[in-house]
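Letter by letter, the chains look like this.
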Amino acid sequence: MGNRTTVVFEGNGNIVRNIQNVTDNVTENGQLNKNQIIENQLNNDVDNQLNGQLNGQLNESQKETLEYIRTHEGCNTTMISNGLGKPFRTIDKHIQFMIDTKIIERRGSKKTGGYYIV
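Now for a quick tour of the structure.

Thresholds applied
- Residues numbered from 1 in each chain as written.
- Predicted model: local features only at pLDDT ≥ 70, side-chain atom pairs only at ≥ 80, totals over all residues.
- Heavy atoms only, no water.
- Buried < 20%, exposed > 50% of the residue type's maximum accessible area, 1.4 Å probe, protein only.
- Helix = DSSP H or I, 4+ residues; strand = E, 2+ residues; numbered from the N terminus.
- Arc of directions from axis to C-beta.
- Contact = heavy atoms within 4.5 Å.
- Expected span 1.5 Å × (residues − 1).
- Core = buried A, V, L, I, M, F, W, Y, C linked by side-chain atoms within 4.5 Å.

1. With respect to helix H3 (residues 77–84)
- Burial in H3 covers these residues: Thr77, Ile80 and Ser81. The buried residues of H3 occupy an angular sector of 100° when projected down its axis, which confines them to one face.
- Lining the buried residues of H3 we find helix H2 (60–71), helix H4 (88–100) and strand S4 (114–117).

Right, here's the structure in full:
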């Protein structure tokens, strides 16, 4: 683990995410593997720094929601709720938190749009 790497994702002029220690997530051609970075963030107790310092980390239920969105890009709240077997309102709260902290974004219309990781 000797190397320490900082990766910064920028969107709309704001720093969205700063993930440290992702050296293992660089492919042979030097490209970052987005899914590996997200999986690393979900599976390790890495402090989340999203648009400033976040207090604490995502809880387990929020991590499950984020993982579902990662594996089902473009899904909506109902799909996530049904897929995880969790109440719609719980998922709605998780999504709103992750939108507010710039972890995910909604794309598309109200009727046919869905959620994507930033």
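More follows now that the structure is in view.
2. Brief notes about H4
- The terminal C-alpha atoms of H4 lie 18 Å apart, and with 13 residues this matches the ideal 18 Å at 1.5 Å per residue to within 8%.
- For H4, the complete set of buried residues consists of Ile91, His94, Ile95 and Met98. In an axial view of H4, the angular spread of the buried residues amounts to 100°, which keeps them on one side of the axis. Residues of H4 that are exposed and angled more than 90 degrees away from the buried face: Arg89, Lys93 and Asp100.
- Tucked inside the fold, the buried residues of H4 contact H2, H3, strand S3 (104–107) and S4.

3. Here's the deal with the side chain of Ser61
- As for its position among the elements, Ser61 is in helix H2.
- Ignoring sequence-local partners within four residues, the contact set of Ser61 consists of Lys86, Thr90 and His94.

4. Focus: the nonpolar core
- Leu66, Ile69, Ile80, Ile95, Ile103, Ile104 and Tyr115 are the most contacted members of the largest nonpolar core, which totals 13 residues.
- Of all the secondary structure elements, the ones that give two or more residues to this core are H2, H4 and S4.
- Aside from chain neighbours lying at most four places away, what touches Ile104 is Leu66, Ile69, Ile95, Met98, Ile99, Tyr115, Tyr116, Ile117 and Val118.

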